[in-house]
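Residue-level structure breakdown
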Amino acid sequence: MHPSQSELLKLKNLGLASVNILHSIGIRTQDDLHRVGPVEAFTSIRRRGINVSRVLLYALQGALLDVHWNELDPDLKANLVSEAEQLLSRKDRA
């Protein structure tokens, strides 16, 4: 296992499949995820044609906050989804 994989695997909500997906978009460390942010990471994954659910978006946010994704405030979840949908729709129109 690559050292950056073990770093990301230590974060809440992230398993090997999620880490591999993150690696496919160039996110290899916690700092990378923090810099890119959960919404941009999620939309990058979706734009690559990888079919992931909103739970991954919540999981990425939870990983940065060190909380289980299911414990995120419903308003925060709604804001994350709204931001992601806006980004995805802009890219679709471009």
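What counts, and where the lines are drawn
- Residues numbered from 1 in each chain as written.
- Predicted model: local features only at pLDDT ≥ 70, side-chain atom pairs only at ≥ 80, totals over all residues.
- Heavy atoms only, no water.
- Helix = DSSP H or I, 4+ residues; strand = E, 2+ residues; numbered from the N terminus.
- Buried < 20%, exposed > 50% of the residue type's maximum accessible area, 1.4 Å probe, protein only.
- Phe/Tyr/Trp six-rings, centres within 6.5 Å; stacked < 30°, edge-to-face > 60°.
- pLDDT = per-residue confidence, 0-100.
- Polar contact = N/O pair within 3.5 Å; in protein donor to acceptor, adjacent residues only side chain to side chain.
- Contact = heavy atoms within 4.5 Å.
- Core = buried A, V, L, I, M, F, W, Y, C linked by side-chain atoms within 4.5 Å.
- Axes fitted to C-alpha atoms, helices over the stretch in contact; angles between N-to-C directions.
- Left-handed = near helix turned anticlockwise from the far one by under 90°.
- Nonpolar A, V, L, I, M, F, W, Y, C, P; charged D, E, K, R; others polar.

Moving on, we get to unusual backbone geometry. Even without being a glycine, Asn13 presents a positive backbone phi close to 80 degrees. Mapped onto the elements, Asn13 comes out in the loop between helix H1 (3–9) and helix H2 (16–24). A positive phi is found at Asp66, a non-glycine position, where the angle reads about 60 degrees. By the secondary structure assignment, Asp66 is in the loop between helix H5 (54–65) and helix H6 (74–93). The class of Asp66 is exposed, set by a relative accessible area of 52%.

Going through the model one piece at a time under the given rule, you end up with one aromatic pair. For the ring pair Tyr58 and Trp69, a centre distance of 6.2 Å and an interplane angle of 25 degrees mean the geometry is stacked. Placement of the pair is Tyr58 in helix H5 and Trp69 in the loop between H5 and H6, with a sequence separation of eleven residues.

With that settled, the discussion passes to the confidence of the model for the protein. Chain-level statistics for the protein give a pLDDT mean of 92 and a share of 90% at 70 or above. H1 is the least confidently modelled element of the protein, averaging 75 in pLDDT, while H5 averages 98, the highest of any element.

It is worth spelling out the side chain of Asp32 at this point. With respect to the helices and strands, the residue Asp32 is situated in helix H3 (residues 30–36). From its side chain, Asp32 meets the backbone nitrogen of Arg28 in a polar contact 2.9 Å long. Contact partners of Asp32, with chain neighbours within four places excluded, come to Gly26 and Ile27.

A few words on the nonpolar core. One finds Leu14, Leu22, Leu33, Leu57 and Leu60 to be the most contacted residues of the largest nonpolar core, which totals 23 residues. Elements that contribute at least two residues to this core include exactly H2, helix H4 (38–47), H5 and H6. With five residues, the top contributor of residues to this core is H5. Every residue in contact with Leu60, bar those within four places of it in the chain, is listed here: Leu14, Leu22, Leu33, Pro38, Ala41 and Phe42.

Let us look at the packing of H4 against H5. The N-to-C vectors of H4 and H5 enclose an angle of 145 degrees; their axes lie 9 Å apart at closest approach. Seen from above, H4 lies across H5 with right-handed handedness. Taken together, the residues of H5 that come into contact with H4 (itself represented by Pro38, Val39, Ala41, Phe42 and Ile45) are Arg54, Leu56, Leu57, Leu60, Gln61 and Leu64. Here the contact of H4 with H5 is built from residues that sort into nine nonpolar, one polar and one charged.

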